[in-house]
Amino acid sequence: MFDYEQNPSWRIFRIMAEFVDGFNFVSKFKKSVTFFGSARFTNKNRHYRAAQKLARLLAKAGYTIVTGGGPGIMEAANKGAAEGGGESVGLNIMLPLAQRVNPFVKKSMAFNYFFTRKVMLAFSAEAFVFFPGGYGTLDEAFEIITLRQTRKISRKIPVILVGRDYWGPLCKWLQDNVYKKHRSINRAELGLWQLLETAEEAAAIIKKST
């Protein structure tokens, strides 16, 4: 019996189909901003509220808000987009037990593979906003910064880190250890992101840059 799940050729076609469907889906949304952050925050968390506020401000200004479609910061951004009357998009991942799509997503697509989903989250965004999060958020942040460093995406696209309490120590480590001590990056590459504190600051930079 042919094993569709394990056969390499079948998997390649499945990956290709997911890329095609993904690009077709996300290309419909213009002037988009992609939000990243922890799935564990509730509406009692100040970073959740900041993400909600930023998304609301951007939605009112005509931006599409794109998230991973899940809870936490993703939910906050989709909620803010809905409150601002804008497009609220979720690119969620299919999990073994359930698909966790927050109730504020108005248009969504589910992905089987994390890596195809990551490509779609990065595709044609006008800006990337990172709130505090776990391993996934850090992975996505460094990937986007690397794409900007290597000019695989335009350096005109803002990469914004919101929350000095969370991102500040990491940025200091990059400056003191990665740049000054080990010279693994150059001084200009410390400017590949912007560290901010408030939704208003982030909204102003995004509007000015796009």
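Above: the structure in question.
Residue indices follow the written sequence of each chain, beginning from 1 at its first position. Thresholds applied to this predicted model are a pLDDT of at least 70 for local features of residues and 80 or more for the giving and counting of side-chain atom pairs; totals over whole chains, interfaces and linings are not thresholded and use all residues. Side-chain descriptors were evaluated using all non-hydrogen atoms of the structure, hydrogens and water having been removed beforehand.

Novice: So, the sheet that holds strand 4 (residues 107–111): which residues are in play, and what are the values?
Specialist: One bridge is not enough; two strands pair if DSSP finds at least two bridges between them. A run of H or I in DSSP becomes a helix once it reaches four residues, and a run of E becomes a strand once it reaches two; helices and strands are each numbered from the N terminus. Pairing within the open sheet is parallel, and its seven strands lie in the order 4-3-2-1-5-6-7. Of all the strands in the sheet, just strand 4 and strand 7 (194–196) have a single pairing partner and so form its edges. In this sheet, neighbouring strand axes are inclined to one another by 20° on average, regardless of whether the strands run parallel or antiparallel. Two elements, strand 6 (residues 159–162) and strand 7, share three bridges in a ladder whose sense is parallel. Bridging across to strand 7, Val162 finds its partner in Leu196. Throughout, a residue-residue contact means that at least one pair of heavy atoms, one from each residue, lies within 4.5 Å. Helix axes use the C-alpha atoms of the stretch in contact, all axes being lines fitted to C-alpha atoms, and the angles between their N-to-C directions lie in the range 0 to 180 degrees. Contacting strand 1 (32–36), strand 2 (64–67), strand 3 (88–93), strand 4 and strand 5 (125–130), helix 4 (residues 114–122) runs over the sheet at an angle of about 160° to strand 3. Strands in contact with helix 6 (residues 164–181) are strand 5, strand 6 and strand 7; relative to strand 7, the strand with the most contacts, it is inclined by about 145°.

Novice: Describe in detail the layout of surface pockets, supporting the description with residues and values.
Specialist: With a probe scaled to a water molecule rolled over the atoms, the places where space remains empty come into view. Taken as a whole, the largest pocket holds about 570 Å³ of empty space. Taken together, 25 residues make up the lining of the largest pocket; nearest its centre are Gly37, Ala39, Met74, Arg100 and Gly136. Per-element tally for the lining of the largest pocket: the top contributor is helix 5 (residues 135–149), with five residues. Both cavities and pockets are sets of points on a 1 Å grid over the protein atoms alone; in a cavity a 1.4 Å probe fits but cannot get out, in a pocket the set is open with protein on both sides within 12 Å along at least five of seven lines, and lining residues sit with an atom within 4 Å of a point. Grid points are joined across faces, edges and corners, and a volume is the space filled by probe spheres set on the points.

Novice: How would you explain the nonpolar core if you had to name every residue and give the values?
Specialist: Residues enter a nonpolar core if they are buried and are Ala, Val, Leu, Ile, Met, Phe, Trp, Tyr or Cys, with the set joined through side-chain atoms within 4.5 Å. Note on classification: 1.4 Å probe, protein chains only; a residue is buried when its accessible area is under 20% of the maximum for its type, exposed when over 50%, partly exposed between these limits. Counting residues in hydrophobic clusters, the biggest one holds 32 residues, and the most contacted among them are Phe25, Leu91, Phe128, Phe130, Ile144, Val159 and Trp193. Residue assignment for this core shows that the elements contributing at least two residues are helix 1 (8–26), strand 3, strand 4, helix 4, strand 5, helix 5, strand 6 and helix 6. Ranked by the residues each element gives to this core, the list is headed by helix 6, at five residues. If we ignore the near neighbours within four places in the chain, the residues touching Leu91 are Phe25, Val26, Val66, Thr67, Gly68, Gly69, Met109, Phe111, Arg117, Met120 and Leu121. One finds Tyr63, Ala127, Phe131 and Ala202 within the second-largest nonpolar core, a separate group that totals 25 residues.

Novice: Before we move on, could you go through helix 6 and cite the residues and values that matter?
Specialist: To get the bend at a given residue, fit one axis to the seven residues ending there, fit another to the seven starting there, and take the angle between those axes. Along its length, helix 6 shows its largest kink, about 25°, at Leu174. Residues of helix 6 that are buried include every one of Trp167, Gly168, Cys171, Leu174, Val178 and Tyr179, and no others. Among the structural elements, strand 5, helix 5, strand 6 and strand 7 are those in contact with the buried residues of helix 6. One or two positions beyond helix 6, positive phi appears at Arg183, with a value near 55°.

Novice: Any details on the packing of helix 4 against helix 5? Residues and values, ideally.
Specialist: Where helix 4 meets helix 5, the closest approach of the two axes is 12 Å, and the angle between their N-to-C directions is 55°. Between helix 4 and helix 5, the interaxial angle falls into the category oblique. Two packed elements cross with a definite hand, and for helix 4 against helix 5 that hand is right-handed. Along the contact surface, helix 4 presents Lys118, Leu121 and Ala122, while helix 5 presents Asp139, Glu140, Glu143 and Ile144. For this classification, the nonpolar set comprises Ala, Val, Leu, Ile, Met, Phe, Trp, Tyr, Cys and Pro, the charged set comprises Asp, Glu, Lys and Arg, and every other residue, Gly included, is treated as polar. The residue inventory of the contact of helix 4 with helix 5, partitioned by class, reads three nonpolar, no polar and four charged. Reported orientations rely on four angle classes, namely roughly parallel under 35 degrees, roughly antiparallel over 145, roughly perpendicular from 65 to 115, and oblique for the rest. Left-handed is the label given to a crossing in which the near helix is rotated counterclockwise from the far helix by less than a right angle, and right-handed is the label when the rotation is clockwise.

Novice: Which residues make up the pairing of strand 1, and what values go with them?
Specialist: Most of strand 1 is tucked away, with five of its five residues classed as buried. What you see with strand 1 is no split at all: Ser32, Thr34 and Phe36 on one side and Val33 and Phe35 on the other are buried throughout. In the sheet, strand 1 pairs with strand 2 via three bridges, with the strands oriented parallel. Bridging across to strand 2, Ser32 finds its partner in Thr64. Pairing analysis gives five bridges linking strand 1 to strand 5, with the strands arranged parallel. Counterpart to Ser32 in the pairing with strand 5 is Ala125.

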